[in-house]
Structure formats: C-alpha cells, structure tokens
Amino acid sequence: MDQQDRSAHRQQPGLDAAVAALAERGVDVVRLGYPDLMGSERARDLVVSRFARTVGDGVAFCRTIYGTSPQGDVIALEHGGLADGLPDVVAFPDLATLVDLPWEPGVAHCIADVCDPDGAPAQESPRTVLRTVLGRFAELGMRPVVGPELEFYLLEPDAASPQGWRRYGEAPGNVYVAGRKGDPEGVLLRMLRSLAGLGVDAVAANHEFCSGQFEINLWHSEALDAADRAFRFKSAVKELARLEGKLATFMAKPFNDEGGSGFHLHFSTLDDEDRPLFDDPSGPGGLSKTALSAIAGILAHAPALSALANPTVNSAKRFGPDTLAPWLIDWGLDNRSAMVRIPPERGRAARLELRLGDATANPYLLIAGVLAAAYLGIRDGLTPPDPLEGYGYDASKAPMIPQDLPAALAAFEADTEFTALLGERFVAAFLAFKRDELGRFARWVTDWEFREYAYHL
C-alpha cells in the first residue's frame, strides 16, 4: 500500500454517512472486531456519537495481541513483542461489514482491517494474509469462491464433571436430526434465527453425528467474504451459547468417547467474466485441467497446509480410521473418506471439498492456505494421481497427513514455496506462537499421566 493509498484508508470514505445511518436506526455502539492468530475475536466497543473521531486515524491495539496465548501468556515475537516495547497496531473499520447484532439491541458489529501505525497492512493479520493470496489469483484472472461448513459441540454446566461441563441433550443416535429430539431446549433453532439477521448467510442447521454436536451451514461466496462470515459465525455461536447459559466449543476433539468437529471447505473459482473454471464435461470426471491442477497443488502442499488446518495439539486426535475425518493425502470422486472430495454436481456447482480442516482453524488462514496450495498447483500445471477408489484409510494407498502438531509445523516451515505466499512476517509469528503452545503443553502434567502412572509407579 503506497502513501496515497494509506491516506485514503485513513480518510474512511463513507464514514459520515455510516454514522448517520447507525444513529437513524438507534444504534449507539459499534463493536469493532478482528481475528487474532487463533481466529478468536479481539474487539472494542465504540460510542457511535464519537465514532468518526475515534476511528479517523485508526483504533490502537497492542500488537502483542498476535502473541497472546489462550491463557493470556505473552509470547516472544520477532516483531512487535516484548523486545520491541510492546508497540501498537491500528484497526480501521471496513464499513462494508457493518451489521446490527440481532441479540444486542443498539449494537452494530464491524470487522476491522489491522495496519501498522504508518497505515500499511499488518503482516501478522489473518485478513491481510488472505488478501495477499487473493492477489495472486487476481493475477491469473480468477476469483475464488468458498463455502464453509463448521461443526461444534454445545455444552451445559455440570458441577460433577472434572471440566465443569457436559454435552447438551446427551442421547445416542441423533444423527442428522432436527427439532427437540436432538435439541431439547430449542437452542439451535434460536441460534439459526439470530444468525439470519447477522448477514452470515446461514442456510441450514441440524444435530450432527455425535451427541451434543451441531452443524450450521453457510452459503458460498467470494473468498474474503466467506472468511469474514465464518469468523463472524464462530464468534456469534459462542456468544449466543453464553446467552443460553451454555458453552459452544469448536475444539477439534473435546471428548474421548465421541468424534471430532470438522471445518470443511468447498472451493471453486470463477474467471473475470463470472464463468466457472472447474467444470469441463469432456475432462476426467467432468473436471477441468484447472480443477485437477488445484487438487494436485493441495495434495502436494497438504503437509504444510495441515499446520493451518489442524493448528492445535488436540487437532490430530480427530484423525484415524473410521472417523469420517481424513487420514491420507488423497482425493476421490464423491468419497467422504478422502482428504479432498469432489461432490457430484457439475456446471457452476463443480467444486472440491477439503475435509482436512478441524473447527479450531482460523477461517482466514485455512482459506488462505487452501488457496495458496491450489494456486501453486494451477500456476505450475500440476497433475494429481489417480483418485481414490474405495476405503480411504489404507495407508498403502497414499502418504499420511502429519499425525501431530510438531510434524505439521516442521512441514509448514520446510515448504518455503507455500509459506512465501503467506508472508515472511506472518510465518515467523505463527511458528513462534505455535511452538510456544507445544512447549507449554510438554511441561503440563495431564490427568492421563496421573491415572496411568501414579498408583503403579
């Protein structure tokens, strides 16, 4: 962003009109939020009567928010951390994302772009990372389209549980049901209605495979909008659960006796004239060379991509045979046991579904990673291996995805072609953040260790 662009950003065209419209609707507070590296929302509530003045030169936040763990630990970052005196970033509202919060009368929500104090985009910002990758697709004359699918568990308080929570509506076999059978208090239905007024384009909801697990489907759109909606959706679901006295968790695998929660992404791309580029009736499986190369790129960079798709020490516990989560680096035609599934629709609906991600993934980073891998495949004209036939958990058929976070981070750091598209400063911050997580986990005594060893040893 050159100096002229930075000045234009600071001037915030349309700000006065936006403030007037907010006041007319009776909105007196704007919640300005943005994702950290985990995808959790960091935010500040701003008074509308002083909004234009407050955001004119950006709203300051400590840059170390990108180096703050879920437990509040401050992690040493190469740029902007303790060694640099904990400097600021500034957040500018993206006024196109302003929307009233249906469950908070008088409050609107706005997603922020995070910048350096000179107005340049902050390179640690997940929204910046995604925009950078989208710039590469623009060079190819392509506009990626993404449809997010997210699963989560709803929990209710339980003083007798070691964690203080139990699964909401506990019952076996409520697979893909709707209504009070799987949602005895109607929580999911109230969530769906609230989300309808939030602009996230939630279109369907149901009880998922496991007890207490739910899924709300979002419609597809261009990639940045899809990431914004998925980010806003996750924050909203957690907030709506709190209003119900419950906890919504997108943790990859919160229970030993139930399956994990996925973050599946449907991905295709259009050209500058809005024509679908993944469909070709004469191609193998009805897919174009562009689609096949995108698949090949995702397979080639899957080990590195797994660091963004499965970003916690808990993530790999979701994997394994018969889990409906992928285990191998493969693809298949309408095969849900494959890492990359090709749904049966063609024409404008021709697309791939990446099933690698779990629900803890940061939407911006997961989408950026998928697009970066696909871009490399398209740019280099890669060709995928033959599609999977049959069972997708036979390790003799394809290489395995990384089986823990250390292996995923090693693959991420080693794949310099992939990480170059995401930005050097982001990559350094992400690796520092995740390696600190590994170090803290390695030093923590778990209940499994005590149960396994204390009595016998």
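Quantities reported herein were computed from a predicted structural model and do not represent experimental measurements. (Residues numbered from 1 in each chain as written. Predicted model: local features only at pLDDT ≥ 70, side-chain atom pairs only at ≥ 80, totals over all residues. Heavy atoms only, no water.)

Caption draft 1: Focus on the packing of helix α7 (residues 289-300) against helix α9 (residues 363-380). Direction vectors running N to C along α7 and α9 enclose 120°, while the axes themselves pass 6 Å from each other. Judged on the interaxial angle alone, α9 and α7 are oblique. Pair α7 / α9 crosses with right-handed handedness. Along the contact surface, α7 presents T290, S293, A294, G297 and I298, while α9 presents V370, A373, A374, G377 and I378. Considered class by class, the residues forming the contact of α7 with α9 number six nonpolar, four polar and no charged. (Axes fitted to C-alpha atoms, helices over the stretch in contact; angles between N-to-C directions. Helix = DSSP H or I, 4+ residues; strand = E, 2+ residues; numbered from the N terminus. Parallel < 35°, antiparallel > 145°, perpendicular 65-115°, else oblique. Left-handed = near helix turned anticlockwise from the far one by under 90°. Contact = heavy atoms within 4.5 Å. Nonpolar A, V, L, I, M, F, W, Y, C, P; charged D, E, K, R; others polar.)

Caption draft 2: Main features of helix α4 (residues 126-139). End to end, α4 covers 21 Å across 14 residues, agreeing with the expected 20 Å (1.5 Å per residue, within 8%). P126, R127, T128, V129, L130, V133, L134 and F137 are the residues of α4 that are buried. (Expected span 1.5 Å × (residues − 1). Buried < 20%, exposed > 50% of the residue type's maximum accessible area, 1.4 Å probe, protein only.)

Caption draft 3: Broad picture of the UniProt feature "domain: GS catalytic" (unreviewed entry) in the protein. Feature annotation in UniProt assigns "domain: GS catalytic" (unreviewed entry) to the following positions: residues 126-457. Annotated as 38% helix and 16% strand, the span residues 126-457 places its first and last C-alpha atoms 46 Å apart. (UniProt positions renumbered as here; feature names shortened; annotations may be inferred.)

Caption draft 4: Up close: the nonpolar core. Membership of the largest hydrophobic core comes to 129 residues, with the highest contact counts inside it found for F152 and L422. Take this core: its biggest share by element is 13 residues, from α9. Setting aside residues up to four positions removed in sequence, L422 forms contacts with V129, V133, L308, A368, A372, F412 and V427. (Core = buried A, V, L, I, M, F, W, Y, C linked by side-chain atoms within 4.5 Å.)

Caption draft 5: Representation of the environment of R229 within the structure. Positionally, R229 belongs in helix α6 (residues 223-243). C-alpha separation for the pair R229 and T97, spaced 132 residues apart in sequence, amounts to 9.5 Å. R229 has contacts with V146, P148, G199, V200, D201, L218, W219, H220 and S221, leaving out every residue within four places of it along the chain.

Caption draft 6: Looking closely at a nonpolar patch on the surface. Together, V74, L82 and L86 line one region of the surface with nonpolar side chains, adding up to about 260 Å² of accessible area. Here L86 is to be found in the loop between β3 (59-62) and β4 (88-93). What makes L86 partly exposed here is its relative accessible area of 36%. (Patch = residues over 30% accessible without salt bridge, like charges linked within 9 Å, V, L, I, M, F, W, Y side chains within 5 Å. Areas by Shrake-Rupley, 256 points an atom, 1.4 Å probe, with all protein chains shown as cover. Salt bridge = Lys/Arg side-chain N within 4 Å of Asp/Glu carboxyl O.)

Caption draft 7: Region of the structure containing the side chain of D36. In this fold, D36 is placed in the loop between β1 (29-35) and β2 (41-47). The residues contacting D36, other than those within four sequence positions of it, are R42, I65, Y66, P126 and N362.

Caption draft 8: Broad picture of the packing of aromatic side chains. Scanning all chains against the criterion turns up 17 aromatic pairs. Consider the rings of F233 and F250, whose centres lie 6.3 Å apart with planes at 70°: the pair is edge-to-face. Residue F233 is found in helix α6, and its partner F250 is found in the loop between β12 (247-249) and β13 (263-271); the two are separated by 17 residues along the sequence. With respect to class, F233 is no different from F250; both count as buried. Of the aromatic side chains, those joined through ring pairs into one cluster are F152, Y168, F214, F233 and F250. Here the guanidinium or amino end of R44 rests over the ring plane of F61, the centre of that ring lying 4.4 Å away. (Phe/Tyr/Trp six-rings, centres within 6.5 Å; stacked < 30°, edge-to-face > 60°. Lys NZ or Arg CZ within 6 Å of the ring centre and 35° of its normal.)

Caption draft 9: Spatial organisation of the pairing of β1. The buried fraction of β1 amounts to seven of the seven residues, a majority that puts the element mostly inside the structure. A two-sided burial pattern is seen for β1, the buried positions comprising V29, R31, G33 and P35 on one face and V30, L32 and Y34 on the other. The sheet contact formed by β1 and strand β6 (residues 107-115) spans five bridges and is parallel. Note on β6: the bridge partner recorded for V30 is A108. Where β1 and β2 come together, seven bridges link them in antiparallel fashion. Bridging across to β2, P35 finds its partner in E41. Between the end of β1 and the start of β2, which pair antiparallel, lie five residues, with G39 showing a positive phi angle near 95°. (Pairing = 2+ DSSP bridges.)

Caption draft 10: Here's a closer look at unusual backbone geometry. Residues other than glycine seldom take positive phi values, yet Y176 does so here, at roughly 55°. Its place among the elements puts Y176 in the loop between β8 (165-167) and α5 (187-196). The phi dihedral of D274 is positive, around 70°, even though this residue is not glycine. Inspection of the secondary structure puts D274 in the loop between β13 and α7.

Caption draft 11: Local environment of the environment of G164. Mapped onto the secondary structure, G164 falls in the loop between β7 (142-157) and β8. Judged by its relative accessible area of 26%, G164 falls in the partly exposed class. Those residues in contact with G164, other than ones at most four positions away along the chain, are E156, P157 and D158.

Caption draft 12: Here's a closer look at α7. Here α7 spans 16 Å end to end across 12 residues, near enough to the 16 Å set by a 1.5 Å rise per residue. Within α7, nine of the 12 residues are buried, which leaves it mostly tucked inside the rest of the structure. Taken as a whole, α7 has its buried residues at A291, L292, S293, A294, I295, A296, G297, I298 and L299.

Caption draft 13: Just the state of the cysteines, in detail. Inspection of the entire model under this criterion finds zero disulfides. In this model C110 remains outside any disulfide bridge; the closest cysteine sulfur is found in C115, 13 Å from its own. Take C115: its relative accessible area is 1%, and that puts it in the buried class. (Disulfide = S-S within 2.5 Å.)

Caption draft 14: Focus on the packing of helix α10 (residues 405-414) against helix α12 (residues 424-443). Where α10 contacts α12, the axes come no closer than 11 Å and their chain directions differ by 160°. Classified by the angle between their axes, α10 and α12 sit roughly antiparallel to one another. Crossing of α10 against α12: the hand is left-handed. Contact with α10, carried on its side by L405, P406, L409, F412 and E413, involves F426, V427, F430, L431, K434, R435, E437 and L438 of α12 and no other residues of that element. The residue inventory of the contact of α10 with α12, partitioned by class, reads nine nonpolar, no polar and four charged.

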